[in-house]
Amino acid sequence: MPRRHLSAVPPPGLAAAEAAPRTREELDEAADREAVRRVLDGDAEAFAPVVRRHGARLVSLCARLTGSQAVGEELAQESLARAYAGLGHFRDDGPVRLWILRIAVNACRDWLKAGARRERPEAQAEVDEPTRAAPGADPQREVAGRLALSALSRAVAALPPAYREAFTLFHVEGLPYQEIRAVTGVRVNALKVRVHRAREQLRRSLGDWLDEDGR
Amino acid sequence: MDPTLQRLLDGALPAEEAEAFLASLDAPARAEAQRLQRLARSARALAAPTPPPGFTEAVMARVRARPAPRPSLWTWLRTPRFSPLGAAAAAGAAALLVVALPLRQAGPPATPAAAAPSAAAPGVVVTRLSLRAPQARRVAVAGDFNGWSPEAAPLARGPGGAWTGELRLPRGRHQYMFVVDGEWVTDPAAPVTLDDGFGHRNAVLDL
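All figures in this text were calculated on a predicted structure; none of them were measured in a lab.

All names here are of chain B. Most of strand 6 (residues 173–180) is tucked away, with seven of its eight residues classed as buried. The sheet contact formed by strand 6 and strand 9 (residues 201–206) spans four bridges and is antiparallel. By the bridge assignment for strand 9, Y176 is matched with A203. Relative to strand 7 (residues 183–185), strand 6 runs antiparallel, the two being bridged by three bridges. Each residue of the ladder has a partner; that of V179, found in strand 7, is W184. Here strand 6 folds back onto strand 7, and the loop between the two strands holds two residues, one of which, D181, carries a positive phi near 50°.

As a further point, take the interface of chain B and chain A. Taken residue by residue, the interface counts 47 residues in chain B and 60 residues in chain A. Put simply, the parts of the chain that give the side of chain B that touches chain A at least two residues each are helix 1 (3–9), helix 3 (27–44) and helix 4 (55–64) of chain B. Considered class by class, the residues forming the side of chain B that touches chain A number 26 nonpolar, eleven polar and ten charged.

Okay, the confidence of the model for chain B next. All names here are of chain B. With 73% of its residues at a pLDDT of 70 or more, chain B has an overall mean of 73. Of all helices and strands in chain B, the one with the weakest mean pLDDT is helix 5 (residues 112–115) (29), whereas helix 4 scores best (94). A low-confidence stretch, residues 73–119 stays under pLDDT 50, and its non-local contacts, those more than four residues away or across chains, total 80 contacts. Prediction confidence for the complex, expressed as pTM and ipTM, is 0.62 and 0.78 respectively.

Quick look at the nonpolar core now. One finds C62, L80, A104, L152 and A166 of chain A to be the most contacted residues of the largest nonpolar core, which totals 68 residues. If you count residues domain by domain, this core takes at least three from each of domain 1 (1–127) and domain 2 (129–215) of chain A. In terms of nonpolar packing, the next biggest core, distinct from the first, is built from 25 residues, L131, A142, L169 and M177 of chain B among them.

Helix packing for two helices is described by the angle between their axes and how far apart those axes are. All names here are of chain A. Axis separation between helix 3 (residues 69–85) and helix 4 (residues 96–113) bottoms out at 9 Å; the angle between their running directions is 130°. Relative to helix 4, the element helix 3 is oriented oblique. You can see that helix 3 and helix 4 cross each other, and the crossing is right-handed. Contact residues: helix 3 offers V71, L75, A76, E78, S79, L80, R82 and A83, while helix 4 offers I100, I103, A104, A107, C108 and W111. Of the residues that constitute the contact of helix 3 with helix 4, the class distribution is eleven nonpolar, one polar and two charged.

The rules we used
Residues numbered from 1 in each chain as written. Chains lettered and ligands numbered in written order. Predicted model: local features only at pLDDT ≥ 70, side-chain atom pairs only at ≥ 80, totals over all residues. Buried ≥ 20, exposed ≤ 12 C-beta atoms within 10 Å, placed from the backbone. Helix = DSSP H or I, 4+ residues; strand = E, 2+ residues; numbered from the N terminus. Pairing = 2+ DSSP bridges. Contact = placed C-beta atoms within 7 Å. Nonpolar A, V, L, I, M, F, W, Y, C, P; charged D, E, K, R; others polar. pLDDT = per-residue confidence, 0-100. Core = buried A, V, L, I, M, F, W, Y, C linked by C-beta atoms within 7 Å. Domains from an automatic or database assignment. Axes fitted to C-alpha atoms, helices over the stretch in contact; angles between N-to-C directions. Parallel < 35°, antiparallel > 145°, perpendicular 65-115°, else oblique. Left-handed = near helix turned anticlockwise from the far one by under 90°.

This is how it looks when you write it as structure tokens:
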């Protein structure tokens, strides 16, 4: 069976075929495609840069979707390993990063559906919050900010899974609706409704935390 | 919800329009809109900038333990032909059949479905899937057997708009959906379906 050769043409949604990659996203996609080509030519180590490029986002996403940092790390590792093993199935019609995200989202869905999560989300929201204190920041405001972030993290973990998924992909990971549709298979209008309802539920859960200075 | 507020919170409103919209609200409504904006902005800070220590090495250890990836079995399938019509009518399409045909170890295959691929390992079942979707441009099957990839297993278009393909699956229970021009469609002919918890129903194959 002949090997498939990936086209150098950017997939739909990226720049025109004749244009050289310019944005960070386009550069990453070009590098991902080169890595896929090398892996399919037998160089397994060429997959490491793909892991470095997408690992942080996958861990963050899986941890949010499952409500557990440990489970998120495990599912992110497994999703990347599955992506590697399934590179022969990758088709030349979309960004590699969305294909990997889709594998991770489905791994999280399978984990949730399998009933692996026995505890209530509020009790299990053990997701690491990133620390990004600006140098010279007012310590009191910084503490208030972290408390608010922690409250937000717990509230997101308590959302129903479908709302949590849509909210996390849109507001936390910053994916546009069309890309979320490609990752989840959910229509854009339905995604907008889910994100809206998630915001409403978070607004009710967070109460005073969303006032200007938090509490 | 006010569609303008929705666009504001989705970050789809240009700055000038956002300012004008907020100025048009009374004080309580403006304060509420600003709380929701704060919520949307804060959420971005939940994204982790770096992976945990040792993450790449842990993944690569798993990678090295797996067989090298090979091109898909589906490359033998014909590339689907494109119809000038869109996908809308595909939603009303009806599935023709889903048949599972265990490969026999001895004797020639008795049906065209069993004859298509080469011999399968014991315990592997050749399953033919078919969906009638005359207006569709692209149909694939995604399931727990291919990581729910909408691209991994495209079906081939046949006469009359019947899309067909074969899977080789281990015995057991599998869940799947058809992906018709990007839309996830439950197999209307599936005798058993399960709620996936996300607003769809997965078809179930018991092999």
